[in-house]
Amino acid sequence: MKVLLLGTAAGGGFPQWNCACSLCTSDAPHRTQDCVAISADGRGWYLLNASPDIRAQILGSPVLRAGPGPRETPLRGALITDAELDHTLGLVMLREAPSFGVWGPDAALHAMRGALPVGRYGDWRFSPVAPEIGGLRVSALPVSDKKPKYARDSTMDGPWVVAYRIEDPATGGVFVYAPCLAAWPPGFDEFTDGADYVLLDGTFYGADEMSGATRAGVGTQAQRAMGHVPISGADGSLARIRDRPGPRWAYTHLNNTNPALAPDSPEHKEILAAGAELPLDGTLLDL
Ligand code: MLT
Ligand code: MN
Ligand code: ZN
């Protein structure tokens, strides 16, 4: 299975357009918004989430460019982990697709379709997560019930957010994608058992980084309400994976406040020293 990391930043990307903090004005590598493409055969590709940057991400990835027929494209569909705008606005950008499959948690699909004109321009299918998509085995683990701000008043039952485990029956390769974790979820150790590569929520390095100098006025509680477990600290994700044998652990969905964005920062070096990775946009895995 091929896994292409199209974007690795949180909503807004890095640098963020309205931010002139020391990180956003530094020479740390730019990152587009979190999005992944997977393929069993290298010909048909499926997105994991659909970022607002999807057009540039497709045009920048030769394997995703249109062809071989004049109106053919290797993109077949998308699996969404949640209905947040940074994970779904890309579907609006893909509206020219005459047909497309979209899979995800019920509540997320429902909220998204109520708020956005997704799939109204073609013959699109919306379905609960299926056990097999494009020759790959798929399972979903509910990880939180955090609703997007625009769907705050929804009365739909969760889960609102899931993680995906994708297995290639031909190679045995296993990829886990978990870009939105409010905490280390129950069952996540089993869910990642035997995985080759796990892509984790790396939004925040610290539990209170949004109240720091870069974002004065946004407090720790507001950050917690965003539903992203920090990387550092006793309850952070790095403590869970430090020196844990097995998968390669990597972080995505990095927010523009995350000091680990800077390759020469102590935070970046600490993550690498613990055995985890901070892959850049364009990273291609063969699992
Ligand atoms: C999140 O990851 O928490 C959301 O994407 C935040 C947002 O609305 O941008
Ligand atoms: Mn997000
Ligand atoms: Zn910034």
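Above this note sits the structure.
What you are looking at is a predicted structure, and each value in this text was computed from that prediction instead of being measured.

J.: Would you mind showing me how to read the overall build of the protein here?
T.: Helices and strands together make up the secondary structure of the protein, namely 7 helices and 14 strands. The C-alpha radius of gyration computed for the protein amounts to 18 Å, which stays within 12% of the reference 19 Å derived for 287 residues, consistent with globular compactness. Each principal axis of the C-alpha atoms in the protein carries an extent, and together these give about 50 × 40 × 40 Å. The long-range share in the protein, meaning contacts at least 24 apart out of those at least 6 apart in sequence, stands at 67%. In the structure as shown, the protein presents an accessible area of about 12,600 Å², 53% of it carried by carbon and sulfur atoms. Positive and negative side-chain charges in the protein, numbering 24 and 32 respectively, have mean positions lying 5 Å apart.

J.: Teacher, can you tell me more about the coordination of the manganese ion (ligand 2) here?
T.: Around the manganese ion (ligand 2), the protein contributes the donor atoms Asp86 (OD) and His253 (NE2), at 2.2 Å from the metal centre. Taken together, the residues Asp86 in helix H2 (residues 85-93) and His253 in the loop between strand S12 (248-252) and helix H7 (266-273) connect sequence positions 167 residues apart. With relative accessibility at 4%, the residue His253 sits in the buried group.

J.: Explain the side chain of Arg165 to me, please; I cannot follow it from the model alone.
T.: As for its placement among the helices and strands, Arg165 is situated in strand S9 (residues 161-167). One polar contact links the side chain of Arg165 to the main-chain carbonyl oxygen of Asp193, over a distance of 2.9 Å. Setting aside anything within four residues of it in sequence, one finds Arg165 in contact with Arg137, Val138, Ser139, Val174, Phe175, Val176, Glu190, Phe191, Thr192 and Asp193.

J.: Where do I start with unusual backbone geometry in this structure?
T.: With the exception of glycine, most residues fall at negative phi, and the peptide bonds are largely trans. Cis geometry marks the peptide bond from Gly67 to Pro68; its omega dihedral reads 0°. Note on placement: Pro68 falls in the loop between helix H1 (54-59) and strand S4 (75-79). In the Ramachandran plot, Asn49 falls in the positive-phi region, its phi being about 65° despite a non-glycine side chain. Of note, Asn49 is situated in the loop between strand S3 (45-48) and H1. With phi around 60°, His253 is a residue other than glycine that occupies positive phi space.

J.: Hey, could you run me through the packing of aromatic side chains in this one?
T.: Describing an aromatic ring pair means giving the distance of the ring centres and the angle of the ring planes. Evaluated as defined, the whole model comprises 7 aromatic pairs. Taken together, Trp184, Phe188, Phe191 and Trp249 form an aromatic cluster joined through their ring pairs. Against the face of Phe126 rests Arg113, its NZ or CZ located 3.8 Å from the ring centre.

J.: Would you mind going over the pairing of S9 with me for this structure?
T.: Walk down a regular strand and you will see the side chains alternate between the two sheet faces. With respect to burial, S9 is a largely interior element, 6 of its 7 residues being buried. Where strand S8 (residues 136-144) and S9 come together, 7 bridges link them in antiparallel fashion. Its bridge partner being in S9, Ser139 is matched across the sheet by Arg165. Where S9 meets strand S10 (residues 174-178), 4 bridges bridge the pair, whose relative direction is antiparallel. Across the sheet, residue Arg165 finds its bridge partner in S10, namely Val176. In this structure, the hairpin formed by S9 and S10 is closed by a connection of 6 residues, where Gly172 is found at a positive phi of approximately 85°.

J.: Honestly, the site of ligand 1 in this entry has me stumped. Any pointers?
T.: Taken together, Glu84, Asp86, Lys146, Met226, His228 and His253 make up all the residues around ligand 1. Within the side chain of His228, a nitrogen or oxygen atom sits 2.8 Å from an oxygen atom of ligand 1. At 3.3 Å from an oxygen atom of ligand 1 is found a side-chain nitrogen or oxygen belonging to His253. In isolation ligand 1 exposes 270 Å². Once the protein is present, 74% of that is buried. Residue composition of the shell around ligand 1, grouped by class: 1 nonpolar, 2 polar and 3 charged.

J.: Please explain the coordination of the zinc ion (ligand 3) as it appears in this structure.
T.: A metal bound by six donors in octahedral fashion has ideal angles of 90 or 180 degrees, whereas one bound by four tetrahedral donors has an ideal angle of 109.5 degrees. Those protein atoms acting as donors to the zinc ion (ligand 3) are Cys19 (SG), Cys21 (SG), Cys24 (SG) and Asn256 (OD1), and they sit at 2.2 to 2.8 Å. Between the 4 donor atoms coordinating the zinc ion (ligand 3), the angles at the centre fall across 92 to 132°, so the site counts as tetrahedral. Each donor residue of the zinc ion (ligand 3) belongs to the same chain, and together they define the spacing C-x1-C-x2-C-x231-N. By the burial criterion, Cys21 is buried, and Cys24 matches it.

J.: What is the right way to look at the sheet that holds strand S5 (residues 99-103) in this model?
T.: One open sheet holds the 7 strands; their spatial order is S6-S5-S4-S3-S2-S1-S14, and the pairing between them is mixed. A strand with exactly one partner marks an edge of an open sheet, and here the two such strands are strand S6 (123-127) and strand S14 (284-286). On average, each strand axis in the sheet is tilted by 20° relative to the strand beside it, whichever way the strands run. Examined bridge by bridge, strand S1 (residues 2-7) and S14 share 3 bridges and lie antiparallel to one another. Bridge assignment links Lys2 to a residue of S14, and that residue is Asp286. Packing against the sheet, helix H3 (residues 106-115) makes contact with S5 and S6, and its axis sits at approximately 145° to S6.

Reading the values: the criteria
- Residues numbered from 1 in each chain as written.
- Chains lettered and ligands numbered in written order.
- Predicted model: local features only at pLDDT ≥ 70, side-chain atom pairs only at ≥ 80, totals over all residues.
- Heavy atoms only, no water.
- Helix = DSSP H or I, 4+ residues; strand = E, 2+ residues; numbered from the N terminus.
- Rg over C-alpha atoms; globule rule 2.2 N^0.38 Å.
- Contact = heavy atoms within 4.5 Å.
- Areas by Shrake-Rupley, 256 points an atom, 1.4 Å probe, with all protein chains shown as cover.
- Lys, Arg positive; Asp, Glu negative; His and termini not counted.
- Charge placed at Lys NZ, Arg CZ, Asp CG, Glu CD.
- Donors = N, O, S within 2.8 Å, 3.2 Å for Na, K, Ca; no water.
- Buried < 20%, exposed > 50% of the residue type's maximum accessible area, 1.4 Å probe, protein only.
- Polar contact = N/O pair within 3.5 Å; in protein donor to acceptor, adjacent residues only side chain to side chain.
- Phe/Tyr/Trp six-rings, centres within 6.5 Å; stacked < 30°, edge-to-face > 60°.
- Lys NZ or Arg CZ within 6 Å of the ring centre and 35° of its normal.
- Pairing = 2+ DSSP bridges.
- Near = heavy atom within 4 Å.
- Nonpolar A, V, L, I, M, F, W, Y, C, P; charged D, E, K, R; others polar.
- Tetrahedral: all angles 85-135°; square planar, octahedral: opposite > 155°, others 65-115°.
- Axes fitted to C-alpha atoms, helices over the stretch in contact; angles between N-to-C directions.

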